[in-house]
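Residue-level structural notes
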Amino acid sequence: MEPVRTIDGIAAPLPDRNIDTDQIIPASYLSTVTRTGLGAGLFHARRYDEHGNTKADFVLNKTPWNGASIIVAGDNFGCGSSREHAPWALKDFGIRCIIAPSFGDIFRNNCTKNGILTAAVETRLADHLMAVARNPSSCRFQVDLNNQTIRAKGKTYDFSVDEADKNWLLSGLDEISLSLRDSDRIDAYEQSWRAAAPWRFA
Amino acid sequence: MPEPKTMFDRIWDDHLVRSYPDGTDLLYIDRHLLHEVMSPQAFQGLHDTGRHVRRPEATFAVSDHNVPTLPEHRFEIPNAASRLQVETMAANAREHGIDYFGLGDERQGIIHVVAPEQGLILPGMTVVCGDSHTSTHGAFGAIAFGIGTSEIEHVLATQTLRQKKPRQMRISLSGHLPDWVTEKDVALAVIAQISTAGATGHMIEYAGDTVSRMSLSGRMTLCNMAIESGARCGLIAPDRKVFEYLKSRPRLASNPEALEAAMDSWSHLASDPEARFDNAVALDVTELEPMVTWGTSPEHTIPITGRIPHSAGTERALSYTGLSAGQSLDDLPIDTVFIGSCTNGRIEDLRLAAEIVRGRHVSDKVRALVVPGSGLVRAQAEREGLSEIFVRAGFEWREAGCSMCLGMNEDRLSPGERCASTSNRNFEGRQGPGGITHLMSPAMAAAAAIEGRVTDVRRLMGARS
């Protein structure tokens, strides 16, 4: 994975709470055995009408937000299902950072694994940033992960991020390779617990 | 005196392979459950990197999410993409030596119904699955939580996960459940009280005399919905009921001595009385009523006698469900009834629904489906004569799968169709694009099927004999 340090791009406001992963990518897009091409289904019910025509009033269909790399949303963004198709779809569309008061736990993990930053801010700041992003002349944000800052309309704001998530994103390391370096410890763990609690290995 | 510990602390500590300086832990995973929708990309990842499955014997797979539930489609899945996913699951299981229940195997069904049924879930274990409703298995006193596909690949390759320990919340439930009020109503009432983000970053331990009286099936319903309040995992201390349940399970029945030894160790898992929780919530269920959702989040829940609240920020939800603040849900006409899912697709749920349906008929305006949670639940229901009650009443009696809970297969709502559902999520479009979901218990869903409207099951049935 490429390390994530800064994101400089258009921010799109999605002023709703509890935007669930079913909204981000509906179930009809989950019947795939690959990770690619899911951007077409991103926010499907909001982007398209029942005939597949683009809905002109949805923010991600409007210029300049159709080129967004940042989303600013209400709290509990990404609640619901564990589908990693949600961050795959967001990334395929071009999203690299989501700013919200809080995130679904599984979704937040899935974002980190895919190089998407989940930046947490207080509700009032999220509301303010959505208002700033709504104006085409001020919707370009700069997010700096190392300093944990968002620069919008000439002002700088702090955000919080889980320490482990931050390290992963900055390093771009492969987690499985790192864990496999601990194979000896995993072997030793298994050996001792096979004796102490054999039913766990039955 | 050693520091008092919660059950979650104990199980977590027993699974610690190592800790890292960034505050995360490498946690050993005892059971890894797989299904066809979240796993293909993980196996592809293993393939691309030349890695192998570390412990195939600790791994178990089914196809459940997108399988057809019409008997005539079971052996030739009409949808090509779904067929490819199911075939890929079977091929990956075969290649890596993983036990797999496919279509045509009577034991196939929803992973969270099948795994306990087979005796795969034991107290004190860690259990993961690429599905958020993995929280179900906390009913056995196991740390069980949903993961994404990258994490599936990590578990396949290492039998571990790198995790940050969550904060801990205890939800204490007291009192006897009134007639026709179920664990589903408790789960919805809890979410209404603490909100869908109320337990984000936490695990939940459910405790109290109400929980002690619950059957394993009811405890599974409760833990299943932990994720709908934001908690990745729910947990209940194992007791005699768990031990009795496990005795007869296929995985364990052959080795009663090992089970006895295990039971002794499991009886020490419960949280110490002085153990500290980061948060505590209490709910007395004595006056609880049947609950129904009105909006597009499980927190949008009211008692059947209640009215939709006037609250800020619910305009979008109300516009989607076509309802207004101040309105009652009692007598709201419905088009469809879905009884099934990992929340309410077990034999106990079907018995409860059948009790209401017996001798009655589904409203002629309503399409009603019963989708058993597993092939074994289906067979059991047929032996007990429940299927006959449903079919005579006008229900469709389907094969096992996730079905209309998430609308991945053909079982979907059409735009504007209104459904009384025993599933777990009423999100926009969850059961089909434009479909409207009202979550409720199997008793309430059965009553709705009969009346053609959301109705108070207590009015239909009176006091329970």
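Just so you know, these numbers come straight off a predicted model, no measurement behind them.

Now for the packing of helix α13 (residues 347–357) of chain B against helix α16 (residues 442–451) of chain B. Residues and elements named next belong to chain B. Packing of α13 against α16 leaves a shortest axis separation of 8 Å and a crossing angle of 35°. Relative to α16, the crossing made by α13 is right-handed. On the side of α13, the interface is formed by Asp349, Leu352, Ala353, Ile356 and Val357, while α16 contributes Pro442, Ala443, Ala446, Ala447 and Ile450. For the contact of α13 with α16, a count of residues per class yields nine nonpolar, no polar and one charged.

All names here are of chain A. Sheet analysis places strand β5 (residues 140–144) next to strand β6 (residues 149–152), joined by three bridges and oriented antiparallel. The residue of β6 that forms the bridge with Gln142 is Arg151. Count of turn residues in the β5/β6 antiparallel hairpin: four residues, of which Gln148 carries a positive phi of about 55°. The pairing of β6 with strand β7 (residues 155–158) spans four bridges and is antiparallel. Counted as the bridge partner of Ile150 is Tyr157 from β7.

Listed per partner, the contact involves 54 residues of chain A and 72 residues of chain B. Between chain A and chain B lies a buried interface of about 5,000 Å² when both sides are counted; carbon and sulfur atoms form 53% of it. Sorting the residues of chain A by area buried against chain B places A:Val33, A:Trp199 and A:Arg200 first, and these three jointly supply 14% of that buried surface. Linking chain A with chain B are nine salt bridges. Where chain A packs against chain B, one counts 31 residue pairs in polar contact (both at pLDDT 80 or more). Of all the elements in the fold, those that place two or more residues in the side of chain A that touches chain B are α1 (21–24), α3 (85–93), α4 (105–113), α6 (163–171), α7 (175–180) and α8 (183–196) of chain A. By residue number, the principal contributor to the side of chain A that touches chain B is α8(A), which donates seven residues. For the side of chain A that touches chain B, a count of residues per class yields 18 nonpolar, 16 polar and 20 charged.

The next thing to look at is the domain arrangement of chain A. Bring the parts together and some accessible area is lost; that lost area is often taken as the interface size. Taken domain by domain, chain A comprises domain 1 (6–171) and domain 2 (174–202). Taken over C-alpha atoms, the centre of domain 1 of chain A sits 36 Å from the centre of domain 2 of chain A.

So, on to α3(A). Counting along an α-helix, one turn takes 3.6 residues, and residues three or four places apart therefore face a common direction. Counted residue by residue, α3(A) has seven buried out of nine residues, so it is predominantly covered. Positive backbone phi, at 120°, marks A:Gly94, one or two positions downstream of α3(A).

Moving on, we get to unusual backbone geometry. At the junction of A:Thr63 and A:Pro64, the peptide bond is cis and its omega measures out at 5° in the coordinates. The residue A:Pro64 is located in the loop between α2 (44–47) and β2 (70–73) in this model. Unusually for a residue other than glycine, A:Lys153 sits at a positive phi of about 50°. For A:Lys153, the position within the fold is in the loop between β6 and β7. For B:Ser403, which is not a glycine, the phi torsion comes out positive at approximately 55°. The class for B:Ser403 is buried, based on a relative accessible area of 0%.

The subject of this paragraph is the nonpolar core. Formed by 173 residues in total, the largest nonpolar core has its most connected members in A:Phe43, A:Phe77 and B:Phe395. Sort the elements by how many residues they give to this core and α16(B) lands first, with eight residues. For this core, the domains that each give at least three residues are domain 1 (6–171) and domain 2 (174–202) of chain A. Not counting residues within four places of it along the chain, the set of residues in contact with B:Phe395 comprises B:Val337, B:Ile339, B:Val357, B:Val362, B:Ala368, B:Leu369, B:Val370, B:Phe390 and B:Ala449. Within the second largest apolar cluster, 25 residues are counted, among which are A:Val4, A:Ile7, A:Ala11 and A:Val72.

On to empty space enclosed by the protein. All names here are of chain B. All told, the structure shown has three cavities of 30 Å³ or more when counted by the stated rule. The wall of the largest cavity is formed by 20 residues, among which His65, Asp131, His133, Leu406 and Arg430 lie closest to the centre. For the lining of the largest cavity, the elements supplying multiple residues, two or more each, are α4 (111–117) and α12 (341–344). Class assignment of the residues belonging to the lining of the largest cavity gives a composition of seven nonpolar, eight polar and five charged. Estimates place the volume of the second largest cavity at around 120 Å³.

It is worth spelling out the packing of aromatic side chains at this point. Residue and element names in this part refer to chain B. Under the defined criterion, the tally for this structure stands at 12 aromatic pairs over all chains. The positively charged end of Arg162 is found above the aromatic ring belonging to Tyr20, 3.5 Å away from the centroid. Across the ring face of Tyr245, the terminal group of Arg249 is positioned such that the distance to the ring centre comes to 3.7 Å.

Cut-off values and rules
- Each chain carries its own residue numbering, running from 1 in the direction its sequence is written.
- Here every chain gets a letter starting at A, and every ligand a number starting at 1, in the order they are written.
- The predicted origin of the model limits local features to residues at a pLDDT of at least 70 and limits the giving and counting of side-chain atom pairs to 80 or more, whereas totals for whole chains, interfaces and linings rest on all residues.
- As a rule here, side-chain values cover all heavy atoms of the structure and leave hydrogens and water aside.
- Between the N-to-C directions of two axes lies an angle of 0 to 180 degrees, each axis being a line fitted to C-alpha atoms and, for a helix, fitted only over the stretch in contact.
- Helix and strand assignments follow DSSP, with helices taken as H or I runs no shorter than four residues and strands as E runs no shorter than two, numbered in order from the N terminus.
- By convention the crossing between two helices is left-handed if the near helix lies anticlockwise of the far one by an angle smaller than a right angle, and right-handed if it lies clockwise.
- What makes two residues a contact is simply this: any of their non-hydrogen atoms within 4.5 Å.
- For this classification, the nonpolar set comprises Ala, Val, Leu, Ile, Met, Phe, Trp, Tyr, Cys and Pro, the charged set comprises Asp, Glu, Lys and Arg, and every other residue, Gly included, is treated as polar.
- Here, any two strands with at least 2 DSSP bridges between them count as paired.
- Accessible area, probed at 1.4 Å, shrinks when two parts are joined; the buried area is that loss added up over both.
- Salt bridge, as applied in this entry: a Lys or Arg side-chain nitrogen positioned within 4 Å of an Asp or Glu carboxyl oxygen.
- Any pair of N or O atoms that falls within 3.5 Å is considered a polar contact. Within protein, one atom must be able to donate a hydrogen and the other to accept it, and sequence-neighbouring residues count only if both atoms are side-chain atoms.
- Residue ranges for the domains originate in an automatic or database domain assignment.
- Residue exposure (1.4 Å probe, protein chains only): buried if accessible area is under 20% of the type maximum, exposed if over 50%, otherwise partly exposed.
- Here the nonpolar core consists of buried residues drawn from Ala, Val, Leu, Ile, Met, Phe, Trp, Tyr and Cys, with membership extended through side-chain atoms lying within 4.5 Å.
- In this analysis, the protein atoms alone were mapped onto a 1 Å grid. Cavities are point sets where a 1.4 Å probe fits without being able to get out; pockets are open sets with protein on both sides within 12 Å along at least five of seven lines; lining residues have an atom within 4 Å of a point.
- Grid points are joined across faces, edges and corners, and a volume is the space filled by probe spheres set on the points.
- A pair of aromatic rings is counted whenever rings of Phe, Tyr or Trp (Trp by its six-membered ring) have centres within 6.5 Å, and the orientation is called stacked for planes under 30 degrees apart, edge-to-face for over 60 and tilted otherwise.
- In this analysis the charged atom, NZ for Lys or CZ for Arg, is taken to sit over a ring once it is within 6 Å of the ring centre and within 35 degrees of the ring normal.

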